[in-house]
Amino acid sequence: MSFSLSKIRSPYTWVGILVLVAPISFLLAIPWLRQQPDAVVYLCAGIAATITVVGSMVVAIFKDRELDEWHRTAVRFSNQWGWLTGAGLVALLLALPPVHDLLFNLSMAFSEGQEPDRTLVLMIFTFGFMITVLAQSACTMLLNAVWRSRMSRPSS
């Protein structure tokens, strides 16, 4: 079985790939971005964020059109509690000293032992925002799966 990009016909797959490539490219470009002016960093962060948000909205809109009431109830439940749980989880983690050490070590690794500059702080802030959104998305998906498994059981 061979893999070919021309075999991917679903627009969801192409948008999904684009939504994942944008933030990953931004993270991989951090060493290069550190040497660029603030305007370039802001532009790249804005482009990555815009592609991710707009792509996610496009997929959500088209997927929502395909849902029935049972699936919409699962989405409503998981969105209501998943976003809250994900944001709360990140807030709790930020209160833990090991996470403080991890963030400090991460910033020092990118600043090569120097005092962190404005560009580095911007990149770390952007990374923190991405982690929050990823945690919210993971919690939403987990709660959606839990709701579906619980509601799919035959009542006894």
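For the structure, see preceding data.
Read on for an overview of the structure. Given the structure is predicted, the values throughout are model-derived calculations rather than measurements. (Residues numbered from 1 in each chain as written. Predicted model: local features only at pLDDT ≥ 70, side-chain atom pairs only at ≥ 80, totals over all residues. Heavy atoms only, no water.)

1. Overview of the overall build of the protein chain
Okay, so step 1: Of the regular secondary structure elements, the protein chain holds six helices and zero strands.
Okay, so step 2: Reading the secondary structure of the protein chain in the N-to-C direction produces α-α-α-α-α-α.
Okay, so step 3: Of the contacts made within the protein chain by residues no fewer than 6 positions apart, 72% connect residues no fewer than 24 positions apart.
Okay, so step 4: For the protein chain, the accessible surface area stands at approximately 11000 Å², while carbon and sulfur atoms represent 72% of it. (Helix = DSSP H or I, 4+ residues; strand = E, 2+ residues; numbered from the N terminus. Contact = heavy atoms within 4.5 Å. Areas by Shrake-Rupley, 256 points an atom, 1.4 Å probe, with all protein chains shown as cover.)

2. A short note on the side chain of S78
Okay, so step 1: The topology assignment puts S78 in helix α4 (residues 69-94).
Okay, so step 2: For S78, the side chain forms a polar contact with the main-chain oxygen of V75, separated by 3.2 Å. (Polar contact = N/O pair within 3.5 Å; in protein donor to acceptor, adjacent residues only side chain to side chain.)

3. Focus: α4
Okay, so step 1: With 26 residues, α4 should reach 38 Å at 1.5 Å per residue; the first-to-last C-alpha distance of 37 Å fits that figure.
Okay, so step 2: Taken together, the buried positions of α4 are occupied by A74, S78, G82, G86 and V90.
Okay, so step 3: N-cap assignment for α4: the residue whose side-chain oxygen lies 3.3 Å from the backbone N of W70 is D68. (Expected span 1.5 Å × (residues − 1). Buried < 20%, exposed > 50% of the residue type's maximum accessible area, 1.4 Å probe, protein only.)

4. Digging into the packing of helix α1 (residues 11-28) against helix α3 (residues 38-65)
Okay, so step 1: One way to put it is that α1 packs onto α3 with a least axis distance of 9 Å and a crossing angle of 155°. With respect to α3, the axis of α1 lies roughly antiparallel. Judged by the sense of rotation from one axis to the other, the crossing of α1 with α3 is left-handed. On the side of α1, the interface is formed by Y12, V15, L18, V19, A22, P23 and F26, while α3 contributes V41, C44, A45, A48, I51, T52, G55, S56, V59, F62 and K63.
Okay, so step 2: Broken down by class, the residue content of the contact of α1 with α3 amounts to 14 nonpolar, three polar and one charged. (Axes fitted to C-alpha atoms, helices over the stretch in contact; angles between N-to-C directions. Parallel < 35°, antiparallel > 145°, perpendicular 65-115°, else oblique. Left-handed = near helix turned anticlockwise from the far one by under 90°. Nonpolar A, V, L, I, M, F, W, Y, C, P; charged D, E, K, R; others polar.)

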